[in-house]
Amino acid sequence: MNAPTDTGVSFAPYFDIPPANRAAFEALVEEFVAATRPESGCLYYGFCFKGDQAMCREGYGDAEAFLAHLDNVGTLFAKAQELATVTRMEMHGPAAELDKLRQPLADLDIDYFILETGFRA
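The shown structure was predicted, so the numbers you read here are calculated from the model rather than taken from an experiment.

Caption draft 1: Up close: the side chain of Thr36. In this structure, Thr36 sits in helix α1 (residues 22–36). Taking the relative accessible area as the measure of exposure, Thr36 reaches 1% and is therefore buried. Contact partners of Thr36, with chain neighbours within four places excluded, come to Cys42, Tyr45, His69, Asn72 and Val73.

Below, the structure is given as structure tokens:
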């Protein structure tokens, strides 16, 4: 296998939203997007919905860009957890970038997926 040269990381938190909180969660999603849009290290960002579940699909140029994002939206993430239950969190990227995240994110229950091969155009 060819080792990837891509330093990008992607994060995917999944949420179960009680029906009574759906409208408030959707409003909060708009705040997340507005706060994230100016981040220079963010490659893409958005929320996907399936019934009462949501997933945030987000990608960053490297581990440092993701950590900057967390600093930016920490308060919003706390609000999201008041409205919904985080059921799963996945982090994807090359081992060297994931290694930079393990310690700062040690308190979170994240499944890490190591990028073994691939490219980014």
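Caption draft 2: Quick look at helix α3 (residues 95–102). For α3, the complete set of buried residues consists of Glu97, Leu98 and Leu101. Looking down the long axis of α3, one finds its buried residues gathered within 95 degrees of arc, a one-sided arrangement. Buried residues in α3 make contact with β1 (9–16), α2 (63–83), β4 (85–93) and β5 (111–114).

Caption draft 3: Structural view of the packing of α1 against α2. As a packed pair, α1 and α2 sit with axes 10 Å apart at the nearest point and diverge in direction by 180 degrees. Here α1 is positioned roughly antiparallel relative to α2, judged by the angle of their axes. Counted together, Ala24, Phe25, Leu28, Glu31, Phe32, Ala35 and Thr36 of α1 and His69, Asn72, Val73, Leu76, Phe77, Lys79, Ala80 and Leu83 of α2 form the full contact between these two elements.

Rules used in this analysis
Residues numbered from 1 in each chain as written. Predicted model: local features only at pLDDT ≥ 70, side-chain atom pairs only at ≥ 80, totals over all residues. Heavy atoms only, no water. Helix = DSSP H or I, 4+ residues; strand = E, 2+ residues; numbered from the N terminus. Buried < 20%, exposed > 50% of the residue type's maximum accessible area, 1.4 Å probe, protein only. Contact = heavy atoms within 4.5 Å. Arc of directions from axis to C-beta. Axes fitted to C-alpha atoms, helices over the stretch in contact; angles between N-to-C directions. Parallel < 35°, antiparallel > 145°, perpendicular 65-115°, else oblique.

Purely spatial values, then, with no claim about function.
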